[in-house]
Amino acid sequence: MGALFLLIHIMNISPINVVKWLEENPNALKPPVSNKVLFSSKDFLVMLVAGPNNRTDFHYNETSEFFYQIKGEIFLDLQLNNNVERVSIKEGEMYLLEPCVEHRPVRPDGTIGIVIEKHRDANNVDALSWYCSNCNEQLYRENFTLQSIEKDLLPIIDHYSTHSELKICKKCGKHNG
């Protein structure tokens, strides 16, 4: 990333051409999370997100999230009333996720979208949770205070993925690989 782009990014003094940015930064959006913060103000984070993502966790945060799908169709799995409900967000569609709804974005290869989130303060709780694919029992949850959306999730995802004992459901016994 060039110094000029970094200066523009920090100062938010110029629009970003998303198509050109993607051409110039082909390796910036990598699994498991596949996101990049394009703008950050005192109130909002604006992220470019792409598929594929390799996430099996559900994200919880206490603020709304706005989704706009530029290319392709994604799915947003929601934990509602002890069930997973799937929302489809097609190319050109937008969706507003209410606060405090655990959600898992499922982004197939080649998809591109924008997600806008409100900045959290020290009192806001974020969490990542994993659920049994057989009975939907919660397997593991870790709360955290979000400081960097590009950095804070990966250590938690790595912790879960490297501890096989966390993947065994205490309710039905299934090993969730």
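So, a few notes on the structure that sits alongside this text. Here, residues in each chain are numbered from 1, in the same order as that chain's written sequence. Totals for whole chains, interfaces and linings use every residue, but because this is a predicted model, local features are given only for residues with pLDDT of at least 70 and side-chain atom pairs only at 80 or more, for both listing and counting. Remark: hydrogens and water are excluded; side-chain values derive from all non-hydrogen atoms of the structure.

Some remarks on the sheet that holds strand β7 (residues 94–97)
Within a beta sheet, neighbouring strands are joined by backbone hydrogen bonds and run either parallel or antiparallel to one another.
Moving on, step 1. In this description, strands pair whenever DSSP reports at least two bridges between them. Each helix is a run of H or I in the DSSP string that is no shorter than four residues. Each strand is a run of E no shorter than two, and both are numbered from the N terminus. If you trace the 5 strands from one edge of the open sheet to the other, you get β1-β2-β9-β4-β7, paired in antiparallel fashion. Sheet topology places β1 (35–40) and β7 at the edges, where each strand pairs with a single neighbour. This sheet shows a mean twist of 20 degrees between the axes of neighbouring strands, independent of strand direction.
Moving on, step 2. Two strands pair when backbone bridges link them, and strand β4 (residues 65–71) and strand β9 (residues 112–118) are joined in this way by 6 bridges, in the antiparallel orientation. Counted as the bridge partner of lysine 71 is isoleucine 112 from β9. Between N-to-C directions, angles span 0 to 180 degrees; the directions come from axes that are lines fitted to C-alpha atoms, helices contributing only their stretch in contact.

Comments concerning the packing of aromatic side chains
Moving on, step 1. Pairs were defined over the aromatic rings of Phe, Tyr and Trp, the Trp ring being its six-membered one, requiring ring centres within 6.5 Å. Orientation was assigned from the angle between planes: stacked under 30 degrees, edge-to-face over 60, tilted for the rest. Within this structure, the stated rule accounts for 4 aromatic pairs.
Moving on, step 2. With centroids separated by 5.5 Å and ring planes inclined at 90 degrees, the aromatic side chains of phenylalanine 58 and tyrosine 131 adopt a geometry described as edge-to-face. Of the two residues, phenylalanine 58 sits in strand β3 (residues 58–61) while tyrosine 131 sits in strand β10 (residues 126–131), which places them 73 residues apart along the sequence. The pair formed by phenylalanine 58 and tyrosine 131 is uniform in burial state, with each residue classed as buried.
Moving on, step 3. On the basis of an interplanar angle of 35 degrees and a centroid distance of 6.0 Å, the ring pair of tryptophan 130 and tyrosine 140 is categorised as tilted. Remark: tyrosine 140 occurs in strand β11 (residues 138–144) and tryptophan 130 occurs in strand β10; sequence separation between them is 10 residues. Each of the two residues, tryptophan 130 as well as tyrosine 140, counts as buried.
Moving on, step 4. Following the ring pairs from residue to residue traces out a cluster consisting of Trp130, Tyr140 and Tyr160.
Moving on, step 5. As a reminder, the over-ring test applies to NZ of lysine and CZ of arginine, requiring each to be within 6 Å of the ring centre and within 35 degrees of the ring normal. In this structure, arginine 141 is placed above the aromatic ring of tyrosine 60, and the distance from its NZ or CZ to the ring centre is 5.0 Å. Each residue is assigned to one of three classes by its accessible area relative to the maximum for its type, calculated with a 1.4 Å probe on protein chains only: buried under 20%, partly exposed between the two thresholds, exposed over 50%.

Details of empty space enclosed by the protein
Moving on, step 1. Only protein atoms enter the calculation, which uses a 1 Å grid: trapped sets of points that fit a 1.4 Å probe without letting it out are cavities, open sets showing protein on both sides within 12 Å along at least five of seven lines are pockets, and any residue with an atom within 4 Å of a point is a lining residue. Grid points are joined across faces, edges and corners, and a volume is the space filled by probe spheres set on the points. Under the criterion given, the structure shown has 1 cavity of 30 Å³ or more.
Moving on, step 2. Roughly 160 Å³ of volume is contained in the largest cavity.
Moving on, step 3. Taken together, 16 residues form the lining of the largest cavity, with Asn35, Val49, Arg55, Pro105 and Glu117 sitting closest to its centre.
Moving on, step 4. Secondary structure elements with two or more residues in the lining of the largest cavity: β2 (44–50), β4, β8 (103–106) and β9.
Moving on, step 5. Residues belonging to the lining of the largest cavity are distributed by class as follows: 8 nonpolar, 4 polar and 4 charged. Only Asp, Glu, Lys and Arg are considered charged in this grouping, and only Ala, Val, Leu, Ile, Met, Phe, Trp, Tyr, Cys and Pro are considered nonpolar; every other residue, Gly among them, is considered polar.

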